[in-house]
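Descriptive structure summary
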Amino acid sequence: MGIHIVKISDIKEEKIDKLSSLIDPKKRYIINKFHNRKDKIRTLIGEILIRTIIGVKLRIRNECITFEKNQYGKPYLREYSNFHFNISHSGDYVVCAVDDKPVGIDIEEEKHIEYKEIARKFFTVHEIDYINKQDKEIQLSKFYEIWTLKESFIKCCGRGLSMPLNSFYIQIDDIDNIRVITNGECKEHIFKQYNIEQGYKMAVCSLNNKILNNVILIDQNRLIKNFLRLSLGYKELCL
């Protein structure tokens, strides 16, 4: 398993256009539709991050990388059934998890929102009780904790919006062991949470029996240089 994190910084519009010309036309169309440049950068960096990881790990040239989607819209790498990945981005961060078994990752920037109303709509009674029993000053943080865990599970399952958020619940015991319960049964998925920066929550869900503690921090400029080299056919790259 590998967990990669990029903290984004500004990219000039002409450079965004240049980098976008080297990715799939469908993804380029999505990027071009964004009016906010930060939205463009997050989506673009997520795309070149996974392409660079694939180039380094699987020795595939950029132009030969072909993504497909399952019936629920989760992308996968064609012809590599044992290579699984998932991408998430929020605020100043883009994150990606890769594994040889299904994996899901979610990162959220903590914002002051009406979290109790959202929890009533999408969380179960067990999860709402878990949040409400916390001190008031940390309830928002605990909301995001549950949210990222639930999102990472859904993304690991690869079923998208077909799996309602309140169709299962996250159980966190007194020593922070995390389990997911659906239809009264404990699933075999395992979870890990990461504190990458105050004001953010990140969670990973996997069907593997172990999730790494460490993450790989990648400088955005270095990532872009490696991606451009990959696109030109260089093989000896590292992250």
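Located above this text is the structure these notes cover.
Figured I'd write up the structure that's included with this text. Note that this is a predicted model, so its numbers are computed, not measured. (Residues numbered from 1 in each chain as written. Predicted model: local features only at pLDDT ≥ 70, side-chain atom pairs only at ≥ 80, totals over all residues. Heavy atoms only, no water.)

1. Some points on the environment of Gly104
Relative to the assigned elements, Gly104 resides in strand 6 (residues 103-109). Distance from Gly104 to Ser206, taken between C-alpha atoms, is 6.5 Å for residues 102 residues apart in sequence. Setting aside chain neighbours within four positions, we find Gly104 in contact with Asn86, Ser152, Lys155, Cys156, Ala203, Val204 and Cys205. (Helix = DSSP H or I, 4+ residues; strand = E, 2+ residues; numbered from the N terminus. Contact = heavy atoms within 4.5 Å.)

2. Section: the sheet that holds strand 8 (residues 178-182)
Strand order in the open sheet made by the three strands is 7-8-9, with antiparallel pairing throughout. Only two strands of the sheet have a single neighbouring strand rather than two, namely strand 7 (169-172) and strand 9 (185-186). Sheet topology places strand 7 next to strand 8; four bridges connect them, and they run antiparallel. Bridging from a neighbouring strand, Ile170 pairs with Val180 of strand 8. (Pairing = 2+ DSSP bridges.)

3. Notes on the pattern of salt bridges
Any two side chains of opposite charge can pair, on the condition that their charged atoms come close. By the definition in use, this model includes 12 salt bridges. For Arg37, the salt bridge is made with Asp10, and the minimal N-O distance between the two is 2.9 Å. Within this pair, whereas Arg37 is found in helix 3 (residues 37-58), its partner Asp10 is found in the loop between strand 1 (2-7) and helix 1 (13-20), the two being separated by 27 residues in sequence. For Asp10, a relative accessible area of 54% puts it in the exposed group. Of the charged contacts in the structure, one is a salt bridge between Lys150 and Glu127, with a shortest N-O distance of 2.8 Å. Placement of Lys150 in helix 6 (residues 139-157) and of Glu127 in helix 5 (residues 125-132) is noted, with a sequence separation of 23 residues between them. Per residue, the accessibility class of Lys150 equals that of Glu127, and both read buried. (Salt bridge = Lys/Arg side-chain N within 4 Å of Asp/Glu carboxyl O. Buried < 20%, exposed > 50% of the residue type's maximum accessible area, 1.4 Å probe, protein only.)

4. Section: helix 7 (residues 220-231)
For helix 7, built from 12 residues, the straight-helix expectation of 16 Å at 1.5 Å per residue is met to within 8% by its first-to-last C-alpha distance of 16 Å. Here helix 7 has its buried residues at Gln220, Leu223, Ile224, Asn226, Phe227, Leu230 and Ser231. The buried residues of helix 7 occupy an angular sector of 165° when the element is viewed end-on, so they sit on one face. On the buried face of helix 7, the contacting elements are strand 1, helix 1, helix 3 and strand 12 (216-218). (Expected span 1.5 Å × (residues − 1). Arc of directions from axis to C-beta.)

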